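Structure assessment
Spelled out, the chains give:
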Amino acid sequence: MVDFGQPKPHGKNKKDGERGGTVMIFNTLLEAVDARIISQDEQRHSLWMKMLPSLAFQIGRLIIGQNGILSTPAVSCIIRKIKAAGGIILTASHCPGGPGGEFGVKFNVANGGPAPDVVSDKIYQISKTIEEYTICPDLRIDLSRLGRQEFDLENKFKPFRVEIVDPVDIYLNLLRTIFDFNAIKSLLTGPGQLKIRVDAMHGVMGPYVRKVLCDELGAPANSAINCVPLEDFGGQHPDPNLTYATTLLEAMKGGEYGFGAAFDADGDRYMILGQNGFFVSPSDSLAIIAANLSCIPYFRQMGVRGFGRSMPTSTALDRVAKSMKVPVYETPAGWRFFSNLMDSGRCSLCGEESFGTGSDHLREKDGLWAVLVWLSIIAARKQSVEEIVRDHWAKFGRHYYCRFDYEGLEPKTTYYIMRDLEALLTDKSFIGQQFAVGSHVYSVAKTDSFEYVDPVDGTVTKKQGLRIIFSDASRLIFRLSSSSGVRATIRLYAESYERDPSGHDQEPQVNFPLK
């Protein structure tokens, strides 16, 4: 737990049987919402607001985005800018919202990143000891009015301060220090301007898209769609992929726009499309960004120390790293594992196959940052999205990649499936087995149950997925996931490497040894 002083009273605790016990003590705390509880469900938000001062009497200042809106990257930015103790984000990321949807609470620590396991575990243990909590029923905070509001609360020796801030300004100022805005603006407004289409999917990113891409960088207002944050995301599933971002996909297939992007509910995930709906896979996007970091002023100044990727993410990044002579850190799924690497100066860029990419400018994945990187690359190279991708494949080879999700499984069933798979794959007789797909033969070179040893603090994280690694570096990975929100899920990741440019135009699903 974050601790800036001695524990103070906060409610009845099983450990003590009286008022007292362990409590989070903060100087400054941020609170943010991804849009899923901002209108009809405002009472739910108000209850949360009333609880905060009483749950932690030592919070001196609470910072909230105007109308409750702050993207996850912006929260990370503000925490780091003002040196806050942490931030609470009311989000369920890319999951559906509304009365039948999902709801979550996320805590980011003082470095701006997701709470590490040790903090989350401590919070969970303390939560089991709480028998009651108090609220402030008369607390009224005007979330629409920018500026400072102060309240005199019982048992506080000084006024409780709430500051309502513009949700975009501080984050926008950071972006100005990273990118060449003039180059991007020329791309979007000059002769032969690039026509773009950006879908905020009725999540938190609407105000950011309009202020940054339209107002600041000159993209026409009609370039941005679905920019009004709605508690149910307009009935959409706010997940930026080919399954759910169909409005954007259909618009891009028409050929009118040269660049398309979509964001998830809290703004940390993104999808890139080229003209005629050309899809850039998240793993390819990460590798292409890595190969073109010299297009970004921030990296020309700071240099590149290393890269990070989650274990299921394709190894396309590794080939770029090898050419640049920088290390790659392979971590379990979950952004929190990248924070230690960035804090220690080991990692400049990191990403995951689940549409998340970011750098050491923050401690969160950052969708709008990734979009601005892509626009910077297009401006510098004067090529289309598809041309950039195909040039990358020609230089490094193509990593065909698919993910198959088996959802709604009984937890006990998934346990036995993974247990039996591990027994099969780790048997010595499995090494050397061959699987043919067309004319391609895959030979098993290595199998294991992935575990991660943090190079910074030595923390060991075990049982993070079963891997089959073939002799040509193609891979099959089986992993349990708890992020889908529907009982238990087994994810199967398939990666097949093709060096020959004549084989770069196949459909991904025909390239894998899955039969």
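Residues numbered from 1 in each chain as written. Predicted model: local features only at pLDDT ≥ 70, side-chain atom pairs only at ≥ 80, totals over all residues. Heavy atoms only, no water.

What follows deals with the overall build of the protein. Helix and strand content of the protein: 14 helices and 25 strands. For the protein, the proportion of its 515 residues judged to be buried stands at 55%. Here the contacts in the protein between residues at least 6 apart in sequence split such that 67% fall between residues at least 24 apart. As displayed, the protein has an accessible area near 22100 Å², and 50% of this comes from carbon and sulfur atoms. (Helix = DSSP H or I, 4+ residues; strand = E, 2+ residues; numbered from the N terminus. Buried < 20%, exposed > 50% of the residue type's maximum accessible area, 1.4 Å probe, protein only. Contact = heavy atoms within 4.5 Å. Areas by Shrake-Rupley, 256 points an atom, 1.4 Å probe, with all protein chains shown as cover.)

Let's shift gears to the sheet that holds strand β11 (residues 259–263). By definition, the strands of a sheet pair up through backbone hydrogen bonds, in either a parallel or an antiparallel sense. Spatially, five strands are ordered β10-β9-β11-β12-β13 in an open sheet, and the strand pairing comes out mixed. Looking at which strands have only one partner, the edges of the open sheet turn out to be β10 (224–225) and β13 (278–280). Across three bridges, strand β12 (residues 270–274) lies against β13 in antiparallel orientation. Bridging across to β13, Ile272 finds its partner in Val280. On top of the sheet, helix α8 (residues 282–291) reaches β12 and β13; it is set at about 70° to β13, its chief contact. Seen against the sheet, helix α12 (residues 367–381) touches β9 (196–199), β11, β12 and β13 and runs at an angle of roughly 170° to β11. (Pairing = 2+ DSSP bridges. Axes fitted to C-alpha atoms, helices over the stretch in contact; angles between N-to-C directions.)

The next subject is the environment of Phe435. Within the secondary structure, Phe435 is located in strand β19 (residues 434–437). Remark: the alpha-carbon pair of Phe435 and Phe470, spanning 35 residues in sequence, is separated by 9.9 Å.

Alternating residues of strand β15 (residues 328–331) divide into Tyr329 and Thr331, all buried, and Val328 and Glu330, none buried. Taken together, the four bridges between strand β14 (residues 307–310) and β15 define a ladder with parallel strand orientation. The residue of β15 that forms the bridge with Phe307 is Val328. The parallel pair β14 and β15 is bridged by helix α10 (residues 316–324), and the resulting crossover is right-handed. (Right-handed = clockwise from strand over helix to strand, strands pointing away.)

A few words now on the pattern of salt bridges. For the structure shown, the criterion picks out 27 salt bridges. For Glu216, the salt bridge goes to Arg176, with nearest N and O atoms at 3.0 Å. Within this pair, whereas Glu216 is found in helix α6 (residues 206–216), its partner Arg176 is found in helix α4 (residues 169–178), the two being separated by 40 residues in sequence. A salt bridge links Asp343 to Arg363; the nearest nitrogen and oxygen atoms lie 2.7 Å apart. Of this pair, Asp343 sits in helix α11 (residues 336–343) while Arg363 sits in the loop between β17 (356–359) and α12, placing them 20 residues apart in sequence. (Salt bridge = Lys/Arg side-chain N within 4 Å of Asp/Glu carboxyl O.)

Next up on the list: the nonpolar core. Core analysis: the largest hydrophobic core is formed by 75 residues, its most contacted members being Phe179, Phe259, Leu368, Trp369, Leu372, Trp374 and Leu375. It is α12 that contributes the most residues to this core, eleven residues altogether. In contact with Phe179, other than residues within four places in its own chain, are Ile184, Ile296, Pro297, Trp369, Leu372, Val373 and Ser376. Ranked by size, the runner-up nonpolar core spans 16 residues in total, among them Cys402, Phe430, Val444 and Phe470. (Core = buried A, V, L, I, M, F, W, Y, C linked by side-chain atoms within 4.5 Å.)

The subject of this paragraph is the sheet that holds β14. Strand order in the open sheet formed by four strands is β15-β14-β16-β17, with mixed pairing between adjacent strands. The open sheet is flanked by β15 and β17, the only strands paired with a single partner. Each adjacent strand pair in this sheet contributes to an overall mean axis angle of 15°, direction not counted. The strands touched by α10 within the sheet are β14 and β15, with β14 carrying the most contacts at an inclination of about 165°.

Over its 15 residues, helix α14 (residues 411–425) runs 21 Å from end to end, which matches the ideal 21 Å to within 8%, given 1.5 Å per residue. Turning to α14, its buried residues number three or more, namely Thr414, Met418, Leu421 and Leu425. For α14, the arc enclosing every buried residue in end-on projection is 65°, short of the 170-degree limit, so these residues lie on one face. For α14, the elements touching its buried residues are β18 (398–409), β20 (440–449), β23 (466–470), β24 (475–481) and β25 (488–498). (Expected span 1.5 Å × (residues − 1). Arc of directions from axis to C-beta.)

This part is about the side chain of Ser443. Topologically, Ser443 is positioned in strand β20. Apart from the residues lying within four places of it in its own chain, the contact partners of Ser443 are Gly432, Gln433, Gln434, Ile469, Phe470 and Ser471.

Its location among the elements puts Gly351 in strand β16 (residues 349–352). For the pair Gly351 and Leu286, spaced 65 residues apart in sequence, the C-alpha to C-alpha distance is 6.2 Å. Sequence-distant contacts of Gly351, that is, excluding residues within four places in its chain, are made with Leu286, Gly308, Arg309, Ser310, Thr313, Trp335, Phe338, Gly356 and Thr357.

Looking at the secondary structure, you find Thr447 in strand β20. Apart from residues lying up to four places away in sequence, Thr447 is in contact with Leu425, Thr426, Phe430, Ile431, Arg467 and Ile468. A polar atom in the side chain of Thr447 sits 2.6 Å from the backbone oxygen of Leu425. (Polar contact = N/O pair within 3.5 Å; in protein donor to acceptor, adjacent residues only side chain to side chain.)

Two elements in contact, α8 and α10, have axes separated by 8 Å at closest approach and are oriented at 15°. Regarding the angle of α8 to α10, the classification is roughly parallel. In this structure, α8 crosses over α10, and the sense of that crossing is right-handed. Contacts from Ser283, Asp284, Leu286, Ala287, Ala290 and Ala291 in α8 reach Ala316, Leu317, Val320 and Met324 in α10. When grouped by side-chain class, the residues that make up the contact of α8 with α10 number eight nonpolar, one polar and one charged. (Parallel < 35°, antiparallel > 145°, perpendicular 65-115°, else oblique. Left-handed = near helix turned anticlockwise from the far one by under 90°. Nonpolar A, V, L, I, M, F, W, Y, C, P; charged D, E, K, R; others polar.)

One non-glycine residue with positive phi stands out, namely Asn226, at about 55°. With a relative accessible area of 22%, Asn226 lands in the partly exposed category. Positive phi outside glycine occurs at Phe355, with the angle close to 70°. Mapped onto the elements, Phe355 comes out in the loop between β16 and β17. The class of Phe355 is buried, set by a relative accessible area of 15%.

A few words now on the confidence of the model for the protein. In the predicted model, the protein carries a mean pLDDT of 85, and 83% of its residues have values of at least 70. Long-range and interchain partners of residues 1–26, a stretch whose pLDDT sits below 50, account for 61 contacts in this model, where long-range means more than four residues apart. Contacts of residues 38–44 to residues separated by more than four positions or lying in other chains number eleven contacts, the stretch itself having pLDDT below 50. (pLDDT = per-residue confidence, 0-100.)

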